[in-house]
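# Close look at the chain arrangement
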Amino acid sequence: MIDRNPNPGDAGALSRRGVLQLAGGAASFAAIPGAAAQGAAPSAQEAAMASRVRLTVNGQVHELDVDPRQSLLDVLRERLDLTGTKKGCNQGACGACTILVDGRRIVSCLTLAAMHDGARIETIEGLANGGELHPLQAAFIEHEGLQCGFCTPGQIMSGIGCIAEGHAGSPEEVQFWMSGNICRCGAYPGIVAAVADAAGRT
Ligand code: FES
Ligand code: FES
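Residues numbered from 1 in each chain as written. Chains lettered and ligands numbered in written order. Predicted model: local features only at pLDDT ≥ 70, side-chain atom pairs only at ≥ 80, totals over all residues. Heavy atoms only, no water.

Per an unreviewed UniProt entry, the recorded name for the protein is Xanthine dehydrogenase YagT iron-sulfur-binding subunit, and the organism is Chelatococcus caeni.

Moving on: the pairing of strand β1 (residues 51–57). Across 7 bridges, β1 lies against strand β2 (residues 60–66) in antiparallel orientation. In the strand pairing of β2, threonine 56 is matched with valine 61. Linking β1 to β2, which pair antiparallel, is a turn of 2 residues; within it asparagine 58 sits at a positive phi near 50°. Where β1 meets strand β5 (residues 120–122), 2 bridges bridge the pair, whose relative direction is parallel. Along β5, the bridge assignment pairs valine 57 with isoleucine 121. (Pairing = 2+ DSSP bridges. Helix = DSSP H or I, 4+ residues; strand = E, 2+ residues; numbered from the N terminus.)

Moving on: the packing of helix α5 (residues 135–142) against helix α6 (residues 152–164). Contact pair α5 / α6: the axes reach a minimum separation of 10 Å and the direction vectors enclose 125°. In this view, α5 runs oblique relative to α6, as classed from their interaxial angle. You can see that α5 and α6 cross each other, and the crossing is right-handed. Along the contact surface, α5 presents Leu136, Gln137 and Phe140, while α6 presents Thr152, Gln155, Ile156, Gly159 and Ile160. Here the contact of α5 with α6 is composed, by residue class, of 4 nonpolar, 4 polar and no charged. (Axes fitted to C-alpha atoms, helices over the stretch in contact; angles between N-to-C directions. Parallel < 35°, antiparallel > 145°, perpendicular 65-115°, else oblique. Left-handed = near helix turned anticlockwise from the far one by under 90°. Contact = heavy atoms within 4.5 Å. Nonpolar A, V, L, I, M, F, W, Y, C, P; charged D, E, K, R; others polar.)

The subject of this paragraph is the side chain of threonine 152. Mapped onto the elements, threonine 152 comes out in helix α6. A distance of 3.2 Å separates the side chain of threonine 152 from the backbone oxygen of glycine 149, its partner in a polar contact. With near-sequence residues (within four places) excluded, threonine 152 lies in contact with Phe140 and Leu146. (Polar contact = N/O pair within 3.5 Å; in protein donor to acceptor, adjacent residues only side chain to side chain.)

Here it is, written out as structure tokens:
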């Protein structure tokens, strides 16, 4: 390598070799993990700040730090161990995850837990009163409104919403307003009969 510094004795002037040495030194410095970490942008994980939410689930208050990206369904199942609410599709198409939020039926897979601070939530686990079934649970058994049972919690929570909305005046009306809840076992005749029956009793 040719040193083209015109004044080799001038300590203030930088030769090409000197510049290269400096550049190499800087690269080595950047390769030291501690040095590189200083002032680095926070990781995506650090940037995802937890959200504090207060949820009243089946009458019990829970204060939770949740990942703001987490669905209400996943928080119920994975944080609160309430696995009665099912995940059939995770995209709002099957109704297996239906719950009541402030009295309204919603699919819990399509909403974020962080959006429901202060909400009152009801799930299938909260329906029975001690050993006594909710009238709609009893009606499902009586009318054989289930087979494998996977869609059943969503059907029952949806049925409660359907009745409360005043949409259960006839079997045809129940069919229409319960059409967001899919049953692969084809238990529809029993489901409709159970909801219509329970509506007539309440
Ligand atoms: S799991 Fe939510 S609608 Fe299917
Ligand atoms: S009872 Fe099996 S999917 Fe409805």
